[in-house]
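# Breakdown of the fold
Next come the chains, spelled out residue by residue.
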Amino acid sequence: MSIGTGIKHSYPWNITLDGRQVTLRLMKRSDVENAINFARELPPEDLMFLTVDITDPVEMEEYMRDCDRGMAVTVLAEVDGKFIGYGSLACSQPHWTRHLGEIRLLINRQWRGKGLGRTLANEIMQIAEDKGLRKIIARMAVDQKGAIQVFEHLEFHAEALLNDFVIDRNGRTHDVMVMTHDVTGLTV
Ligand SMILES: CC(C)(COP(=O)(O)OP(=O)(O)OC[C@H]1O[C@@H](n2cnc3c(N)ncnc32)[C@H](O)[C@@H]1OP(=O)(O)O)[C@@H](O)C(=O)NCCC(=O)NCCS
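A few points on the structure. (Residues numbered from 1 in each chain as written. Predicted model: local features only at pLDDT ≥ 70, side-chain atom pairs only at ≥ 80, totals over all residues. Heavy atoms only, no water.)

### Things to note about the site of the ligand
Surrounding the ligand, one finds 17 residues, the nearest of these being Ile-107, Gly-113, Gly-115, Gly-117 and Arg-118. Backbone polar atom of Gly-117 to an oxygen atom of the ligand: 2.8 Å apart, as the coordinates give it. Within the side chain of His-153, one N or O atom sits 3.0 Å away from an oxygen atom of the ligand. Protein chains bury 75% of the 930 Å² of accessible surface belonging to the ligand in isolation. Taken together, the elements giving at least two residues each to the shell around the ligand come down to β5 (100-107), α3 (116-130) and α4 (145-153). When residues in the shell around the ligand are grouped by element, the largest group, 5 residues, is from α4. (Near = heavy atom within 4 Å. Polar contact = N/O pair within 3.5 Å; in protein donor to acceptor, adjacent residues only side chain to side chain. Areas by Shrake-Rupley, 256 points an atom, 1.4 Å probe, with all protein chains shown as cover. Helix = DSSP H or I, 4+ residues; strand = E, 2+ residues; numbered from the N terminus.)

Here it is, written out as structure tokens:
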């Protein structure tokens, strides 16, 4: 299976943000090095709660294997060949949660508040629909108040609060908010 199997939307395509052309396209293996460089330029607080450690080449290789199997997809946003953010979808693997996918969004700080998060979230929701998923989950630490508000704007609602559910790089645990969005027009 190749990256992009089952996705109806065709990539790349461009949007204009702040007068700059931003290209949206699917991440492929040859992007891993640039993706790691993008991640390493982010402040530590942006890297605190990642499901995949995008600064680690070994974890990225495993992630690309999930992409090859059609179980994960990342839509990259780039300006002049430099990554400025991404949205990703990880399909749930256990049989009884095969209707679920998890969204992750991460935007370079300079590019936040300009609508890129919403654009990438819409791409991920469309891809989830193409893949026949029924529900999208977003997880974040309860102290990420801004991110919770952003997902409320994206029509996600709070579904569960999990105590001490994640641990940061310093070994401190945090409560997690699980937010969900129902995908419409589905066929699984
Ligand atoms: C969360 C994040 C992806 C949002 O990206 P963004 O490009 O700034 O988001 P947008 O500009 O598209 O805004 C999306 C919506 O949230 C609103 N919003 C943006 N920032 C907000 C904030 N700090 N507080 C409240 N609402 C906010 C916007 O008004 C917009 O709603 P609207 O379209 O109805 O007006 C970005 O802040 C980020 O990368 N944060 C760090 C990683 C993270 O926490 N990810 C979430 C867990 S997966």
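### Digging into the packing of aromatic side chains
Per the stated rule, a full pass over the model turns up 2 aromatic pairs. Relative to Phe-156, the ring of Phe-151 has its centre 5.0 Å away and its plane inclined at 85°; by these criteria the two rings are edge-to-face. Taking relative accessible area as the criterion, Phe-151 reaches 8% and is therefore assigned buried. Judged by relative accessible area, which is 4%, Phe-156 ranks as buried. (Phe/Tyr/Trp six-rings, centres within 6.5 Å; stacked < 30°, edge-to-face > 60°. Buried < 20%, exposed > 50% of the residue type's maximum accessible area, 1.4 Å probe, protein only.)

### Re the sheet that holds strand β1 (residues 13-17)
Note: strands within a sheet are paired through backbone hydrogen bonds, in either parallel or antiparallel orientation. Strand order in the open sheet formed by 8 strands is β1-β2-β3-β4-β5-β6-β8-β7, and the pairing between neighbours is mixed. Looking along the sheet, the strands with just one partner apiece sit at the ends: β1 and β7 (157-167). Going from strand to strand, the sheet's axes swing by 25° on average, the running direction of each strand aside. Of the pairings in the sheet, the one linking strand β4 (residues 82-91) to β5 comprises 7 bridges and is antiparallel in character. In the strand pairing of β5, Tyr-86 is matched with Leu-106. The sheet contacts of helix α1 (residues 32-40) involve β4 and β5, and relative to β4 the element is tilted by about 105°. Strands β5, β6 (135-141) and β8 (173-182) of the sheet are contacted by α4, whose axis makes an angle of about 160° with β6. (Pairing = 2+ DSSP bridges. Axes fitted to C-alpha atoms, helices over the stretch in contact; angles between N-to-C directions. Contact = heavy atoms within 4.5 Å.)

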